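Next come the chains, spelled out residue by residue.
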Amino acid sequence: MSLALAPFDANVELEANLPCRKFDPDLWFSDSPTELEVAKSLCGDCPLRVECLAGAAERAEPWGVWGGEIFERGAVVPRKRPRGRPRKEDVARDAALRVEAEARLAATGLATSRNTVRLAA
């Protein structure tokens, strides 16, 4: 009986250093807006951030943090709001964050691709 070894794959070593592999996976799918912001910040230095975001946009992920952005119902949202009616200052901040999210998506080239990422209103 011979022992077959898997071919060397550099991605295996890379995956061990990805934040979504190091930390609790539930962090990326939390209901808490604060925890989702932590997950977004962890994605900042990820070498696969752009590919992750592009894949999530293509699949229209229903929810979670993908590529440093929060997805909700298949659209990128600037931040997850807590339950209840939003305060007036929160509505204004959401508008500013939406512009910032659009700029980040444009910088990665995803906003101009065939599969345009849909931003939630």
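Residue numbers run consecutively from 1 along every chain, following the written order of its sequence. Given that the model is predicted, a residue must reach a pLDDT of at least 70 before its local features are reported, and side-chain atom pairs must reach 80 or more before they are shown or counted; all residues, however, enter totals for whole chains, interfaces and linings. Hydrogens and water molecules were not included; the side-chain quantities draw on all heavy atoms of the structure.

For the protein chain, an unreviewed UniProt entry supplies the name Transcriptional regulator WhiB and the organism Micromonospora pallida. UniProt positions are given in the numbering used here, feature names are shortened, and annotations may be inferred rather than shown by experiment. The UniProt entry for the protein chain carries the following text under Function (unreviewed entry): "Acts as a transcriptional regulator. Probably redox-responsive. The apo- but not holo-form probably binds DNA." Of the protein chain, the UniProt comment under Subcellular location (unreviewed entry) reads exactly: "Cytoplasm".

## Quick look at the UniProt feature "binding site: [4Fe-4S] cluster" (unreviewed entry) in the protein chain
Within this numbering scheme, the UniProt entry marks Cys20, Cys43, Cys46 and Cys52 as carrying the feature "binding site: [4Fe-4S] cluster" (unreviewed entry). Taken along the chain, the residues just named run across 33 residues; in space they keep tight, none of their C-alpha pairs more than 10.9 Å apart. For cysteine 20, the position within the fold is in helix H2 (residues 19-22). Put simply, DSSP H or I for four residues or longer makes a helix, DSSP E for two residues or longer makes a strand, and each gets a number counted from the N terminus. The topology assignment puts cysteine 52 in helix H4 (residues 49-59). When neighbours within four sequence positions are excluded, cysteine 52 is seen to be in contact with Trp66 and Gly67. Residues are treated as being in contact if the distance between any of their heavy atoms lies within 4.5 Å.

## Concerning the nonpolar core
Throughout this description, the term nonpolar core refers to a set of buried Ala, Val, Leu, Ile, Met, Phe, Trp, Tyr and Cys residues connected via side-chain atoms within 4.5 Å. Burial here depends on accessible area, computed with a 1.4 Å probe over protein chains only, as a share of the maximum for the residue type. Under 20% is buried, over 50% is exposed, and the range in between is partly exposed. In terms of nonpolar packing, the biggest core is built from 8 residues, these being Leu27, Trp28, Leu36, Ala39, Cys43, Val65, Ile70 and Val77. Of all the elements, helix H3 (residues 33-43) adds the most residues to this core, at 3 residues. In contact with leucine 27, not counting residues within four places along its chain, are Glu35, Leu36, Val38, Ala39 and Leu42. Leu53, Ala56, Ala57 and Trp66 belong to the second-largest nonpolar core, a separate cluster that totals 7 residues.

## So, the packing of aromatic side chains
Each aromatic pair joins two rings of Phe, Tyr and Trp (for Trp, the six-membered one) with centres within 6.5 Å, and gets the label stacked for planes under 30 degrees apart, edge-to-face for over 60, and tilted for any other angle. Under the definition given, this model contains 2 aromatic pairs. Taken together, a centroid distance of 5.3 Å and an interplanar angle of 70° make the contact between phenylalanine 29 and tryptophan 63 edge-to-face. Of the two residues, phenylalanine 29 is situated in the loop between H2 and H3 and tryptophan 63 in strand E1 (residues 63-66); the sequence distance between them amounts to 34 residues. For phenylalanine 29, a relative accessible area of 30% gives the class partly exposed. With a centroid separation of 5.9 Å and an interplanar angle of 75°, the aromatic rings of phenylalanine 29 and tryptophan 66 are classed as edge-to-face. Linking phenylalanine 29 in the loop between H2 and H3 with tryptophan 66 in strand E1, this pair joins segments that are 37 residues apart in sequence.

## Looking at the environment of valine 76
Of note, valine 76 is situated in strand E3 (residues 75-77). Assessed through its relative accessible area of 0%, valine 76 is described here as buried. Between the C-alpha atom of valine 76 and that of glutamate 102, which follows or precedes it by 26 residues, the distance is 9.2 Å.

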